[in-house]
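A closer look at the structure
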Amino acid sequence: MRGRLRVPGDKSISHRSIMLAALADGETQINGFLEGADSLATLAAFRAMGVTIDGPAHGQVRVVGVGMNGLSIPIGPLYMGNSGTSMRLLCGLLSGQRFATTLIGDQSLSRRPMRRVTTPLCKMGARIETTAQGTAPLHIAPAKRLIGIDYPMPVASAQVKSSLLLAGLYADGETCVHEPAPTRDHTERMLATLGYEVRRDGERICVTGGGKLHAAPITVPADISSAAFFLVGAAIAPGSNLTLEQVGINPTRIGIINILRAMGADLRIQRKPDLGAEPVADILIRSAKLNGITIPLEQVPLAIDEFPALFIAAACAEGQTLLTGAEELRVKESDRIAVMAEGLAALGVQSVILPDGIRIEGRGNAAAVFNGGSVHSHDDHRIAMSFAMAGLRAAAPIKILDCANVNTSFPGFATLAARAGLAISEQTR
Ligand code: S3P
């Protein structure tokens, strides 16, 4: 893997840029917006609620904010596709509107747990109905009023935190969320950028309802979660020397850097000027001998989306890698523990599934770590892209099935990966 490249814009920040720009007073120009299906689902939802949005064109979007109470009733249900972030954050935001909405999603999203947001939102006075299993469709009726709560989150989840803070913008008094461990703080940073006061006191984050947002330009950094596949690819492929440009290195997202370094990766960070409230860097990575490690518990929420890629690095390391404290991986776009273990086994790498993690037997000493074979991604974008990188150390071609969802977070992945040196081709049925 060689050269310099820029992966697409950060998915989490792209979602939030549309949501907050729509509620702001004034026009917001967004640059670097991710034109993937997930963030486009958020964009379409706000269009359906009457917000004028131009673009995206080459990552540029212009949003004409309607103010905190300017959204209008959509004609039908809002389709969130595969995107948990869209559904969970919008659930909070829409709890505070004066009209009813219904949120629906694809098969995978319709299986994912929603009570983690609906339970605390209902405590605030929201009126939300889920299925008997606590899944979508979500029917959100207008609340008489929302009242701020002080909520200790049972899981470390930025989606739950953000959902409650967005509802909190519409609530009487103060809404506070306690995080059991730090999670991505893009919502807090962007609220502050648009002039909304957010108070943080240790692990407690609070907003007071009734304020306003003021439009301000937003530039979205490259997504470290998309960069992760290339970081792992370059780390495991002999002779690699790759630079990833303008990557967001928010401290709540850099678990991938910390974990790869702990495994022995040769990785350098060149700081660049911040993009708004978000720190950014070029990341230089060269191949190196990796060692298996026990992944420190505090790194888990900071690398939560990067574990499929990290499991590929672990397979290429010498010795065992042990991950625990990561039960959340079981309720992502797929059960990422089970699905990765299945794919690794299909390619000749042994692992043991644990209730909250996995133990992987590294094959770093083997010239070819992976056998050729066929892997099911179970419609999970990150599983597909992770196994693509396994091709860099495989004895024979790897065929990855069900890859259409790569487009949810990383349109153009195969082209960019091929440009960096991966022998990859796409087939559509
Ligand atoms: C996200 C938060 C994380 C992450 C997801 C995006 C966000 O989910 O896995 O891909 O944008 O807030 P959880 O907060 O549920 O861990």
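Residues numbered from 1 in each chain as written. Predicted model: local features only at pLDDT ≥ 70, side-chain atom pairs only at ≥ 80, totals over all residues. Heavy atoms only, no water.

**Topic: the layout of surface pockets**
The gaps left among the atoms become clear once a water-sized probe is rolled over them. The cut-off we apply is this: Any residue with an atom within 4 Å of a point lines the site, the site being either a cavity, points on a 1 Å grid over the protein atoms alone where a 1.4 Å probe fits but cannot get out, or a pocket, an open set with protein on both sides within 12 Å along at least 5 of 7 lines. Grid points are joined across faces, edges and corners, and a volume is the space filled by probe spheres set on the points. Secondary structure counts use DSSP, requiring at least four H or I residues in a row for a helix and at least two E residues in a row for a strand, with both numbered from the N terminus. Only Asp, Glu, Lys and Arg are considered charged in this grouping, and only Ala, Val, Leu, Ile, Met, Phe, Trp, Tyr, Cys and Pro are considered nonpolar; every other residue, Gly among them, is considered polar. The start and end points of each domain follow an automatic or database-based domain assignment.
Estimated volume of the largest pocket: approximately 930 Å³. Along the wall of the largest pocket there are 32 residues; nearest its centre are I400, C403, S425, E426 and Q427. Among the secondary structure elements, those contributing two or more residues to the lining of the largest pocket are α11 (381–390), β21 (398–401), α12 (406–409) and α13 (413–420). Here the lining of the largest pocket gets four residues from one element, more than from any other, and that element is β21. The residue inventory of the lining of the largest pocket, partitioned by class, reads 20 nonpolar, eight polar and four charged. Roughly 610 Å³ of volume is contained in the second largest pocket. Considering each element in turn, the lining of the second largest pocket owes the most residues, four residues, to helix α1 (residues 11–23). When its residues are assigned to classes, the lining of the second largest pocket shows 12 nonpolar, 11 polar and 17 charged. Each of domain 1 (2–219) and domain 2 (224–420) contributes no fewer than three residues to the lining of the second largest pocket.

**Some words on the domain arrangement of the chain**
Often, the extent of an interface is quoted as the loss of accessible area upon association of its parts. The criterion, for reference: Throughout, a residue-residue contact means that at least one pair of heavy atoms, one from each residue, lies within 4.5 Å. Take the accessible area each of two parts loses on contact, using a 1.4 Å probe, and add the two losses: that sum is the buried area. Salt bridges are counted wherever a side-chain nitrogen of Lys or Arg sits within 4 Å of a carboxyl oxygen of Asp or Glu.
The domain boundaries assigned to the chain delineate domain 1 (2–219) and domain 2 (224–420). Placing a centre on the C-alpha atoms of domain 1 and another on those of domain 2 gives a separation of 28 Å. On the side of domain 2, 40 residues touch domain 1, which itself brings 31 residues to the contact. A buried area of about 3,100 Å², summed over both sides, lies between domain 1 and domain 2, and 48% of it is on carbon and sulfur atoms. Taken as a group, R2, L5 and R184 account for 24% of the area that domain 1 buries against domain 2, more than any other trio of residues on that side. Inspection of the region where domain 1 meets domain 2 yields six salt bridges.

**Brief notes about the state of the cysteines**
Quick note on the threshold: Any two cysteine sulfur atoms lying within 2.5 Å of each other are counted as a disulfide. Each residue is assigned to one of three classes by its accessible area relative to the maximum for its type, calculated with a 1.4 Å probe on protein chains only: buried under 20%, partly exposed between the two thresholds, exposed over 50%.
Evaluated as defined, the whole model comprises one disulfide. Residue pairing for C176: its cysteine sulfur links by disulfide to C206, the two sulfurs lying 2.2 Å apart. Handedness here is read from the sign of the S-S torsion; for C176 and C206, about 110°, the answer is right-handed. In this pair, C176 is assigned in strand β10 (residues 174–178) and C206 in strand β12 (residues 204–208), connecting sequence segments 30 residues apart. Of the residues examined, C176 reaches a relative accessible area of 2% and is grouped as buried. Look at C206 and you get buried, because its relative accessible area is 4%. C91 provides the cysteine sulfur closest to C122, a residue in no disulfide bond, and the two sulfurs are 7.9 Å apart. C122 sits in the partly exposed class, given a relative accessible area of 33%. Here C316 is not cross-linked by a disulfide; its sulfur's nearest cysteine counterpart is in C403, at 19 Å. Take C316: its relative accessible area is 5%, and that puts it in the buried class.

**Thoughts on the site of the ligand**
Filter applied, for reference: The cutoff for a nearby residue is simple: one of its non-hydrogen atoms must lie within 4 Å of the molecule or strand. N or O atoms within 3.5 Å of each other form a polar contact, as long as, within protein, one can give a hydrogen and the other can take it, and as long as residues adjacent in sequence are counted only when both atoms are side-chain atoms. Note on areas: these come from Shrake-Rupley sampling with a 1.4 Å probe, and a residue is covered only by the protein chains present in the view. Each molecule is assigned to a cavity or pocket provided more than half of its atoms lie within 2 Å of the corresponding grid points.
Surrounding the ligand, one finds S12, R16, T85, S157, A158, Q159, R184, I304, D305 and K332. R16 places a polar side-chain atom, nitrogen or oxygen, 2.6 Å from an oxygen atom of the ligand. One of the side-chain N or O atoms of K332 is found 2.7 Å from an oxygen atom in the ligand. In the complex, the protein chains occlude 95% of the 390 Å² of accessible area that the ligand would expose alone. For the ligand, the cavity whose grid points lie within 2 Å of the majority of its atoms is the second largest pocket. When its residues are assigned to classes, the shell around the ligand shows two nonpolar, four polar and four charged.

**A closer look at α11**
Given 3.6 residues per helical turn, the α-helix brings residues three or four places apart onto the same face. Here α11 lies mainly inside the structure; 10 of its 10 residues are buried. Buried within α11 we find H381, R382, I383, A384, M385, S386, F387, A388, M389 and A390. In this structure D380 caps α11, since a side-chain oxygen of it lies 3.0 Å from the backbone nitrogen of R382.

**As for the environment of P154**
Topologically, P154 is positioned in the loop between β9 (150–152) and α5 (158–168). Assessed through its relative accessible area of 67%, P154 is described here as exposed. Considered as a pair, P154 and C316 are 162 residues apart in the sequence and their alpha carbons are 34 Å apart.

**Some remarks on the nonpolar core**
Quick note on the threshold: What is meant by a nonpolar core is a set of buried Ala, Val, Leu, Ile, Met, Phe, Trp, Tyr and Cys residues, joined one to another through side-chain atoms within 4.5 Å.
With 76 residues, the main nonpolar core has F230, F307, F370 and F413 as its most contacted residues. For this core, the element with the highest residue contribution is helix α7 (residues 224–236), accounting for 10 residues. Once residues within four sequence positions are removed from consideration, F413 is found in contact with F229, F230, M385, A388, M389, V406 and I424. Counting 64 residues, the second-largest nonpolar core is a separate cluster that includes M68, I149, L166 and I218.

**Digging into the packing of aromatic side chains**
Rules: Ring geometry is summarised as follows: Phe, Tyr and Trp rings, the Trp one being its six-membered ring, pair when their centres sit within 6.5 Å, and such pairs are stacked at plane angles under 30 degrees, edge-to-face over 60 and tilted between the two.
In this structure the tally under the stated criterion is five aromatic pairs. Each ring, one from F230 and one from F410, has its centre 6.0 Å from the other, and the planes form 45°; the classification is tilted. Note that F230 is positioned in helix α7 and F410 in the loop between α12 and α13, a separation of 180 residues in sequence. Taken as a pair, F230 and F410 share a single burial class, namely buried. With a centroid separation of 5.3 Å and 75° between ring planes, the pair formed by F410 and F413 is classed as edge-to-face. For the residue pair F410 and F413, the accessibility class agrees, reading buried in each case. Within the aromatic cluster, the residues linked to one another by ring pairs are F229, F230, F410 and F413.

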